[in-house]
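Descriptive analysis of the structure
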There are 2 protein chains.
Amino acid sequence: MKVCIIGSSGHVGYAIEGIKAAKDCEIVGVAPGSEGESMDKVLSMLRDNFKGKIYDDYELMLKELSPDIAVVACHFGDIAKVNIKALSYGCHVFTEKPLATTLEDLEKLRKVYENSGKRLCAMFGIRYRPWFFTAHKLVESGAIGEIRLINTQKSYKLGKREEFYKQRESYGGTIPWVGIHAIDWIYWFTHKKFKSIYATHSRKYNKDHGDLEVTALCHFTLEDEIFASLSIDYLRPENAPSHDDDRMRIVGTKGVIDVIFNKVFLINKDYSGQEIPLEDGGNIFVDFLKDIKGEGSCMVTAEESFYATEIALKARESADENKIIYLP
Amino acid sequence: MKVCIIGSSGHVGYAIEGIKAAKDCEIVGVAPGSEGESMDKVLSMLRDNFKGKIYDDYELMLKELSPDIAVVACHFGDIAKVNIKALSYGCHVFTEKPLATTLEDLEKLRKVYENSGKRLCAMFGIRYRPWFFTAHKLVESGAIGEIRLINTQKSYKLGKREEFYKQRESYGGTIPWVGIHAIDWIYWFTHKKFKSIYATHSRKYNKDHGDLEVTALCHFTLEDEIFASLSIDYLRPENAPSHDDDRMRIVGTKGVIDVIFNKVFLINKDYSGQEIPLEDGGNIFVDFLKDIKGEGSCMVTAEESFYATEIALKARESADENKIIYLP
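Residues numbered from 1 in each chain as written. Chains lettered and ligands numbered in written order. Predicted model: local features only at pLDDT ≥ 70, side-chain atom pairs only at ≥ 80, totals over all residues. Heavy atoms only, no water.

**Observations concerning the overall build of chain A**
Tallying secondary structure elements over chain A gives 10 helices and 15 strands in all. Taken over C-alpha atoms, the radius of gyration comes to 19 Å for chain A, in line with the 20 Å a tight globule of 328 residues would show. Taking the principal axes of its C-alpha atoms as reference, chain A extends roughly 60 × 45 × 45 Å. Taken across its 328 residues, chain A has 64% of its residues classed as buried. For chain A, contacts bridging at least 24 residues in sequence account for 73% of all contacts bridging at least 6. Of the roughly 12400 Å² that chain A leaves accessible, carbon and sulfur atoms contribute 47%. Of the side chains in chain A, 43 bear a positive and 49 a negative charge, and the two mean positions are spaced by 2 Å. (Helix = DSSP H or I, 4+ residues; strand = E, 2+ residues; numbered from the N terminus. Rg over C-alpha atoms; globule rule 2.2 N^0.38 Å. Buried < 20%, exposed > 50% of the residue type's maximum accessible area, 1.4 Å probe, protein only. Contact = heavy atoms within 4.5 Å. Areas by Shrake-Rupley, 256 points an atom, 1.4 Å probe, with all protein chains shown as cover. Lys, Arg positive; Asp, Glu negative; His and termini not counted. Charge placed at Lys NZ, Arg CZ, Asp CG, Glu CD.)

**Overview of the packing of helix H5 (residues 103–116) of chain B against helix H10 (residues 302–321) of chain B**
All names here are of chain B. Where H5 contacts H10, the axes come no closer than 10 Å and their chain directions differ by 170 degrees. Relative to H10, H5 is oriented roughly antiparallel. Here Leu103, Leu106, Leu109, Arg110 and Tyr113 of H5 come into contact with H10, specifically with Ala302, Phe306, Thr309, Glu310, Leu313, Lys314 and Glu317. A class-by-class count of the residues in the contact of H5 with H10 yields 7 nonpolar, 1 polar and 4 charged. (Axes fitted to C-alpha atoms, helices over the stretch in contact; angles between N-to-C directions. Parallel < 35°, antiparallel > 145°, perpendicular 65-115°, else oblique. Nonpolar A, V, L, I, M, F, W, Y, C, P; charged D, E, K, R; others polar.)

**What about the UniProt feature "domain: GFO/IDH/MocA-like oxidoreductase" (unreviewed entry) in chain A?**
According to UniProt, the "domain: GFO/IDH/MocA-like oxidoreductase" (unreviewed entry) feature falls on residues 134–257 of chain A. With 23% helix and 34% strand, residues 134–257 of chain A has its two end C-alpha atoms placed 10 Å apart. (UniProt positions renumbered as here; feature names shortened; annotations may be inferred.)

**Focus: helix H9 (residues 284–292) of chain A**
All names here are of chain A. H9 sits mainly inside the fold: 7 of its 9 residues count as buried. Within the sequence span of H9, burial applies to Ile284, Phe285, Asp287, Phe288, Leu289, Asp291 and Ile292. In this structure, the buried side of H9 is in contact with strand E1 (2–6), helix H1 (13–22), strand E4 (69–72), strand E5 (92–95) and strand E6 (120–122). At the N-terminal end of H9, a side-chain oxygen is found 2.6 Å from the backbone nitrogen of Phe285, two or three residues along, and the residue is Asn283. Looking at the residues trailing H9, positive phi occurs at Gly294, about 75 degrees. (Polar contact = N/O pair within 3.5 Å; in protein donor to acceptor, adjacent residues only side chain to side chain.)

**What about the interface of chain B and chain A?**
Residue-level contacts link 55 residues of chain B with 55 residues of chain A. At the boundary of chain B with chain A, total buried surface from both sides reaches about 4200 Å², with 61% on carbon and sulfur atoms. Taken together, chain B and chain A are joined by 4 salt bridges. Put simply, Arg247(A) and Asp258(B) hold a salt bridge, and the shortest N to O gap is 2.6 Å. Only strand E7 (147–155), strand E8 (194–202), strand E9 (215–222), strand E10 (226–233), strand E11 (247–252) and strand E12 (256–260) of chain B provide two or more residues apiece to the side of chain B that touches chain A. Here the side of chain B that touches chain A is composed, by residue class, of 22 nonpolar, 19 polar and 14 charged. (Buried area = accessible area lost by both parts, 1.4 Å probe. Salt bridge = Lys/Arg side-chain N within 4 Å of Asp/Glu carboxyl O.)

**Examining the pattern of salt bridges**
With the rule as written, the count across this model stands at 60 salt bridges over all chains. Its salt-bridge partner being Asp287(A), residue Lys290(A) comes within 2.8 Å of it at the nearest N-O pair. In this pair, Lys290(A) and Asp287(A) both sit in helix H9, 3 residues apart, roughly one turn of the helix. The residue Glu321(B) makes a salt bridge to Lys323(B) at a minimum N-O spacing of 2.8 Å. Here the salt bridges do not stand alone but share partners, grouping Glu107(A), Arg110(A), Glu310(A) and Lys314(A) into one network.

Rendered as structure tokens:
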């Protein structure tokens, strides 16, 4: 299967690792997806394994190489546009999130996707981390009964970000870029629709990162009066032992699960807070390939990819306009 | 110093332990503060040490015994009324929270308090737990710079609650009863005023506990765009190793502190997430006695006791009426 990589600003690593594991896939071309985007990061990840072509113009690449799959990881403001192109050239799309940075672009992409007959999967690779994967299996098995409350956390080191992070237009905002993962977890765990959103965000103390919001907080109400919180920050100190500190606490009618410190803890009638052995979640790109080949379904669906993006953009709107947003 | 105990529905243990430690205090009388309230819990805690009188009518007790201090821990809906009586009879007041269950009663109490010349302290005893006390000292010492984001959690076992918990009128609501502690922490740690509040709560799955809300979520914005979340639930499983699971995460411009599992963890330029040795926080009632005797100031002030109550009642209003509440 022929794969092209467009852009090097997102988590192309998921695809590169997956392609190594898959063996029946080959990267035939790479090109930037945004103006001024360097492909050095991708090329250094590929090293000597790369036998394909390097393009300046991704559209020319798609035309000339007709890849089966486009991996899209350009500046976030260009993702929707590049995805639309890739689908139009008949590619399946493995794409960085958010799928779009405006609701208008999201609708355009949705229409093109729905008429394409192709597969699409957003890079919600965190689902495959053993701690989240294990927690999800526990919930699906009924370990905590009905979910009533979820607390999620995304905390990153800021470091020194590239220029495109500093403008809302190219970056999209911290809720859509960072927070969307937790929005995905909430929907993935509950299978419930979001009914209302209230969010706030702040650019204060962002160390000369322009528009980039360095803290954010979201409050979601799902169907059946299920509540979910999402705390986001870029204030994780440089001295911390990891780049990110992802957490999730799921409170059900019959138990509580904590995903914290990359571990899973369970309290229910059989457990009093013990650590649960972790299962291997696999690789998201390999999972997506399975879907394309008709050998199974990918854990991350296109529907979920669109929905999490929509919720993230509406949460950003809530924070921008300081209002509660209601959903049908 | 003469102490009377009114009611046995709250955390009278703080006072009973403090009195044991203080030695110059004596419990001279006990009486219920609410209709139908049994004093058995208090009497069994006091056992043979109790040399005072048992009354049916707390007002008669206050009149006859003229105590220096009234410990008020009746049904929550009666707290304001009993506090007003106690102040009127010239007592200092050590009282269960919330100080009132309606904003009207809170204002009445505030006026009586301000004209009384007496001391008042709400039972925010959790501040004195070593993990919260230690975290607070770290923040005050500048260990994490300026606070930008706080996540708090109150999780309790529901068990089988007394009848008065089942009516809003006598119980007051879960945000004012349980959530108020975390509201207190937020104000205590930041010294910042609350500018807006959005909250939700739900009675679903409350196991026949009438009006009692079993889950709640609050979203606060403080001065300077500081955000704070508060997650509350009564869904802690019976099998959990403790009644409560209190947590707090404080994110600053120079570090992050976690108060979790009754421990404190710090990341800043000197620490990469290590556990910090705990300091002894002492006893809240002993601290209050020190204040009364003019030997120092109590860590919990009357101003804070009133303010946390006001915020908790406004958060309940936000949840009841599904609206953002703005504060001046």
